Amino acid sequence: MIELDEFRAKAGEWLHSVKAEFGPDARRGLSDEQDLALGRRYMAARYDAGLAGINMPVEFGGLGLSGLHKIVFDEQEMPMGFPSVYFGISLGMPIPIIMRYCEDKQWVRERVIAALRGEEIWCQLFSEPSAGSDLAGLRTKAEQDGNGWVVNGQKLWTSHAHHSDYGVIVARSDPSVPKHKGLTYFWIDMRAPGVTARPFELLDQSVVCNEVFFDDVKLTDGQRIGPVGGGFGVAMATLMIERYVASDPDGYGPSVSFFMDLAKDVMLNGKPAIEDGRIRSAIARNYAMRSGLDAIRSRAFLQMEAGLEPGPEGSLGKLVSFRSRQKLSELAMDIQGAAGLAYDSEATTTHDWAVSWLSAPTGRIAGGADEMLLNTIAERILGLPQDHRPDKGIPFNEIPV
Amino acid sequence: MSILYDEAQEAIAKESRRVLDAQFDKDKLLGLLDGTGRFDEAFWKTAVEQGWTGLAVPEEYGGLGLGLLEMGLIAQSAGALCAGAPFLTGNYGVTQILASCTNGALKQAWLPRLASGDAIGVVAFEEAGAPLPSDPAVKYEGGRLSGKKAAVPGALKADFAIVWAMSGGKPVLVLAELNAAMSRAVDSFDNSRLYAEISFDGAEAAVLFEGEAARCGALDCLARMAVVAAHEQMGGAETALLLARDYALERKAFGQPIGAFQSIKHSIAELYGLVEVARANSIHAASLEGQGGFLAAACAARLSGCEAYDTAARDAVQIHGGIGVTWQLGLHLHMRRARSLSIELGNALFWEDLLVTELEAKAA
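Since the model is a prediction, treat every value here as computed from it, not as a measurement.

### Brief notes about the overall build of chain A
Moving on, step 1. Tallying secondary structure elements over chain A gives 14 helices and ten strands in all.
Moving on, step 2. Radius of gyration (C-alpha) of chain A: 22 Å, near the 21 Å computed for a compact globule of 401 residues.
Moving on, step 3. Considered along the principal axes of its C-alpha atoms, chain A spans approximately 75 × 50 × 45 Å.
Moving on, step 4. Evaluated residue by residue, chain A yields a buried proportion of 50% over its 401 residues.
Moving on, step 5. Accessible area of chain A: about 18200 Å², with a carbon and sulfur share of 53%.

### Details of the pairing of strand β5 (residues 183-189) of chain A
All names here are of chain A.
Moving on, step 1. Burial within β5 is extensive, with six of its seven residues counted as buried.
Moving on, step 2. Here strand β4 (residues 166-172) runs beside β5; their pairing, made up of seven bridges, is antiparallel. Each residue of the ladder has a partner; that of V168, found in β5, is W187.
Moving on, step 3. Judged from the two bridges that link them, β5 and strand β8 (residues 224-225) form a sheet pairing that is antiparallel. Across the sheet, residue Y185 finds its bridge partner in β8, namely I225.

### Some words on the domain arrangement of chain A
Moving on, step 1. Considered domain by domain, chain A is made up of domain 1 (4-120), domain 2 (124-240) and domain 3 (256-367).
Moving on, step 2. The distance between the C-alpha centroids of domain 2 of chain A and domain 3 of chain A comes to 35 Å.

### Some points on the pattern of salt bridges
Moving on, step 1. All chains considered together, the criterion is met by 47 salt bridges over all chains.
Moving on, step 2. The salt bridge involving E270 of chain B is made with R323 of chain A; its shortest N-O contact spans 2.8 Å. You can see E270 of chain B sitting in helix α8 (residues 262-287) and its partner R323 of chain A sitting in helix α12 (residues 316-335), one on each of two chains.
Moving on, step 3. R323 of chain A sits in the partly exposed class, given a relative accessible area of 25%.
Moving on, step 4. Through salt bridges with shared partners, a single network forms among D48, R117 and E119 of chain A.

### Notes on the environment of D216 of chain A
Residues and elements named next belong to chain A.
Moving on, step 1. Tracing the chain through its elements places D216 in strand β7 (residues 210-219).
Moving on, step 2. For the pair D216 and V18, spaced 198 residues apart in sequence, the C-alpha separation works out to 45 Å.
Moving on, step 3. Among residues more than four places away in sequence, those in contact with D216 are V150, V151 and N152.

About the criteria used
Residues numbered from 1 in each chain as written. Chains lettered and ligands numbered in written order. Predicted model: local features only at pLDDT ≥ 70, side-chain atom pairs only at ≥ 80, totals over all residues. Heavy atoms only, no water. Helix = DSSP H or I, 4+ residues; strand = E, 2+ residues; numbered from the N terminus. Rg over C-alpha atoms; globule rule 2.2 N^0.38 Å. Buried < 20%, exposed > 50% of the residue type's maximum accessible area, 1.4 Å probe, protein only. Areas by Shrake-Rupley, 256 points an atom, 1.4 Å probe, with all protein chains shown as cover. Pairing = 2+ DSSP bridges. Domains from an automatic or database assignment. Salt bridge = Lys/Arg side-chain N within 4 Å of Asp/Glu carboxyl O. Contact = heavy atoms within 4.5 Å.

The following block contains the structure:
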């Protein structure tokens, strides 16, 4: 296996060689569709460069390297600002799940390679209007129909569904048992009759999320993943799959040094803001917090390198970094005075305070709201009890609504 | 980059905690709060027996020649049990300054005694709320010191002090032997820290560093001590967190453990976040000892250590409810120690400024 340092150098060299072609300058002014097309070209180029599917098995078209190799690549790719966002979920969760569960290996291999090349995109159809944090409360139905299944219902918040060729979905196959026990997991063809994806705008006018409707969508039993009634377990496995995710102590927003540059430029009471004690305090506090997350990340990397399980403190990254980003963005807007009112929708999250601020709430909610993360820390790490759950053990169709 | 502890370091962590657990006596610690002049003698005896006093003393002077990582582990164990004499950090500080100075006679006089636990040294830098004043009022002239240093940790039992003073318009670091007549006890909310006001009043002293070298040496010493203290704070914060967690599991109200209420469990989970950030920063800073970036890392460790311990002590008391504010439960030992450790070595405001100055210098 290629050494990490050698791989880091190889990845860095390639990423820089395609910066002009796929970087922020190339993306500026593109429509969503044009940006996606550029993203597909980027993924194909990455595949051809031998840098795709880093920790995926060779038999499915991956490189068969370690999770650490993947992190090494991702950490270098992240700051480049390439249009890879459309493929993150696709390759992060559904693709590993079909590799793990699906029997038809040849079909899986075709899907994996198409997804790695950006030719096909997969989405994850989990959340619903009445099932967000409480995933097992979902209501989309999968009813047995001859040898197959019929799906009816609605999903919500599905990222990139409007660009997706396939999806993985959890649906209720038996409402007469308690909520976690009556779910079944499938893969689904997003072009099949009866599937309708409707994108909608988030508060920053980004169009990522969809509501997806299912009207008598027919599935074969071969599309089932895991046992009937075992859907919640597969869903949990999907969410746990990404042990090797690059995290960002800046919460994917601007860095503390970017804030310091601003604080040197703007004036406060006739002096550069950076000389003001309140501003210095904010800088120091945010730096200390983020350097702690960075040290946690480094230690986790060393643990994995040594073949150890990284500690559970890695789960703090998202919780701490997004809060830090949100508040620092507010302060950065404040100290600019009237100039802080300006908004450039073309600017990037890492280099514009208003853009960072406006999308920060999404980060604190998507993929586990702060409150759920605190519950998880309290319950899984510290052994505190679950909340009172009045719906526990009750058949789903008898839970009062 | 951070580090993973090696086997020897893991053993220090485990063994120090085991030894201190075995001698933990809450009633004794509560008794020490009652008056000035007494400290946790059993702890210091253990520190001497275990060789912790010589841990960071160079081998040529009878020590083990280990570094901040190992000192930090001892401090973490001490902090976890509210144990510890103020000399743990103070002796480490004076050892660093002595070891880096060029006065062979003073090194020979003190370092072996520090290693064996026979001598106690304190660091007396602060004046009027400034941890390292640019123009200290304590003066050094003609080989003698004049002026006062207020509430120096450990001073009541110390044999000597390394003092930040002014000499002919330049700062100096000087070593002065202390005697009982020079120290006046300060009655404190955390009396086992042995705070005393030192009046130098013409005491003889010897120069270790002058001018810019004195300033750099003093700052490096403060930063190193802050990293030791950050480990102690993190150890204390973790204990407060675990006490709160245990109580939230055991105490029932409205028919369930109070730990099932999100107001309680989220506050405990937040403490976990503070403790882990403090731990990561402490280990990171200790691993950078003597390297570039150490000062900024020490500042970050100091800030997250203060925040973690103050918050964990405060919230652990709150989560305990009424029982938390009783003398006998002793949670206030953590409240007190969190505050004393946050004030000794300079408050967070000082370290915030220092950190930003350091980051500005790095960016320039």
